[in-house]
Amino acid sequence: LSLDLSARFSSLVPSSELSKNASDVGTGVVLSPLSCPHSSFVSACSTGIIIVVIVNMSKEEVEKAVNARKADGSPLEYGLNWQLDNFLSNIKSGIPTDDRYIDDFLKKMSHHTSVLRQWLDTFVSQYGSSEHAQPHITRVNEAFAAYDANVGSKMVNLEIDKYIKARRADGSVLEYGLKYELDQLASSLKSGVPSDSRYVDDFLKKVTGLNSRLIQWLEGFKEKYASNPYSHPTIAQVETALAEYKAFMQEKMAKVNIDKHVLLKKSDGGILENSLKWHLEKINNGLKSGIPKDSRYVDDYLTMMKTQSNLLTQWLEDFKSKYGEVDYAHQFINQVEEALGQYKKEIGAGMVNVEIDKFIAARRADGSILEYGLKYELEQMINGLKSGVPTDDRYVDDYLKKMTGLNSRLSQWIEEFKSKDGAEAHALSTMQQVENTLVDYRKF
């Protein structure tokens, strides 16, 4: 460079000056007209010629930066040599086999790499073009290469293993680490839904909780490590467990929900006051005992049976809309339909007869147009026809008033009775009796 500069600018720059400047070879500096070191350079620069001078840092300055400690403003505690020796020694010793010491090892290596990269960036920016700096830069880069080859790639695997083993106390969403949660889920699915309904809710709470935590854990794990092949077997393991849970719930949950539904009471949001079994026993026992012979208990019996029928009909419609296509539900559907069919057959027909008898016996106080019921009014009419018109004129008007009143009420009553129950066999004898009496009245 000295010879080249001398040949180009010997007429502008004294050789002594050029030799002095050319001795500092290292860092490239572009000299503008304002920064030319010699007045003759200004003339050359102003004519458009750009002069590049390689300025070299002295070996002493480089070594000073290499040996600088933290107390001197360096990120390195005791200089580069000490930091590298410690870094390489840790690389050589390798990752601890005892899990108890892995965290400390990771922290230590993280610190080494951090301060060495910080130092290297600053060193290269200040001395990177100096020939004296190159060996030090090479040493640090070689140390990083050794770290990457022997520890760096394994460090990520260590982090993955640590994430997998982490418990809630360590900040994980899993109580006792992944293995425990997976074992708990697999064991629960294998044992299945408890046959004792008292434990079903606890079982469901447990498995749904496990599923929820594993989903949350997997999302965080994949976000961090999905790109690393080392994580793939774990991801596959968790996804398989979640798929098994989903399949289990689709198959078994319907049965669980059905079992819960048939036990559901009104106080828990159900339709029936008590369990389905209780209501079925209630209506079946009523069917077995039949309508009471004592009329005093007929109304209460019929009200009870009608209430049970209505409740079971409403429950059945709701149940079939939810589980009608599930085979397991058919046994309950059949039980209810059989009970309702029997109710319609036995009580339905019986209730018509009871209603007819109630209509016949009803008094004015019950809403009838007859003062004391049909029997009383018919007897009054028949007796009046039988006794005939009084021979004493004083009683004729009262007699006629009474008989026409009876005729009017019975005529009105029979029309209403026929409109309500005229087609029922149980009503025929009563209708015939009333109509015959009215014919006798007209004849009379």
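In what follows, the structure referred to is the one given above.
Here the structure is a predicted model, which means the values were calculated and not measured. Every residue gets a number counted from 1 within its own chain, in the order that chain's sequence is written. The model is predicted, so local features are restricted to residues of pLDDT at least 70 and side-chain atom pairs to those at 80 or more, both for listing and for counting; the totals for chains, interfaces and linings are taken over all residues. Side-chain numbers here rest on the full set of heavy atoms in the structure, without hydrogens or water.

Peer 1: It is not clear to me how the overall build of the protein chain should be interpreted in this structure. Could you clarify?
Peer 2: Here a strand is any run of E in DSSP of at least two residues, a helix any run of H or I of at least four, and the numbering for each starts at the N terminus. Looking only at helices and strands, the protein chain features 16 helices and two strands. In the protein chain, buried positions account for 36% of the 444 residues. When checking whether two residues touch, look at their non-hydrogen atoms; a contact exists if any pair is within 4.5 Å. Summarising the internal contacts of the protein chain: among those between residues at least 6 apart in sequence, 62% fall at separations of at least 24. Note on areas: Shrake-Rupley, 1.4 Å probe, and residue coverage restricted to the protein chains presented here. With an accessible surface of roughly 27,000 Å², the protein chain has 50% of that area assigned to carbon and sulfur atoms. Only protein chains enter the area calculation, which uses a 1.4 Å probe; residues under 20% of their type maximum are buried, those over 50% are exposed, and those in between are partly exposed.

Peer 1: What am I meant to see in the pattern of salt bridges here?
Peer 2: Opposite charge on two side chains lets them pair, provided their charged atoms get close. Salt bridge, as used here: a side-chain nitrogen of Lys or Arg that lies within 4 Å of a carboxyl oxygen of Asp or Glu. Enumeration according to the criterion identifies 19 salt bridges in this entry. In this structure, Asp 294 and Arg 296 form a salt bridge, with 2.6 Å as the shortest nitrogen-oxygen distance. In this structure, Lys 320 engages Glu 337 in a salt bridge whose closest nitrogen and oxygen atoms are separated by 3.1 Å. You can see Lys 320 sitting in helix α12 (residues 298-323) and its partner Glu 337 sitting in helix α13 (residues 330-361), a full 17 residues away along the chain. Residue Lys 320 is classed as partly exposed on the basis of its relative accessible area, which comes to 37%.

Peer 1: What is the right way to read the side chain of His 112 from this model?
Peer 2: Within the element layout of this structure, His 112 appears in helix α6 (residues 102-127). When its relative accessible area of 5% is taken as the criterion, His 112 is described as buried. Here His 112 is in contact with Gln 83, Asn 86, Phe 87 and Asn 90, once residues within four sequence places are set aside.

Peer 1: Sorry if this is basic, but what is going on with the packing of aromatic side chains here?
Peer 2: To pair, rings of Phe, Tyr and Trp, with the six-membered ring standing in for Trp, must have centres within 6.5 Å; the planes then decide the type, stacked if under 30 degrees apart, edge-to-face if over 60, and tilted in the middle. If you walk through the whole model with that rule in mind, you get 21 aromatic pairs. Plain terms: the ring middles of Tyr 163 and Phe 221 are 5.5 Å apart, the flat faces sit at 45° to each other, and that makes the pair tilted. Of this pair, Tyr 163 sits in helix α7 (residues 134-165) while Phe 221 sits in helix α9 (residues 200-225); the two residues are 58 residues apart in sequence, bridging distant segments of the chain. For Tyr 163, a relative accessible area of 21% puts it in the partly exposed group. On the basis of relative accessibility, which here comes to 0%, the residue Phe 221 falls in the buried class. On the basis of an interplanar angle of 75° and a centroid distance of 5.9 Å, the ring pair of Tyr 328 and Phe 332 is categorised as edge-to-face. Among the aromatic residues, those joined into a cluster by ring pairs are Trp 315, Phe 319, Tyr 323, Tyr 328 and Phe 332.

Peer 1: What should I look at first to understand the side chain of Ser 368 in this one?
Peer 2: Considering the arrangement of structural elements, one finds Ser 368 in the loop between α13 and α14 (374-387). Residue class for Ser 368 comes out buried when judged on its relative accessible area of 11%. One polar contact links the side chain of Ser 368 to the main-chain amide nitrogen of Leu 370, over a distance of 3.1 Å. Filtering out sequence-adjacent residues up to four positions away, Ser 368 remains in contact with Ala 362, Arg 363 and Trp 413. Each polar contact in these results corresponds to two N or O atoms within 3.5 Å; when the atoms are within protein, one needs to be able to donate a hydrogen and the other to accept it, and residues that are neighboring in sequence are counted only if both atoms are side-chain atoms.

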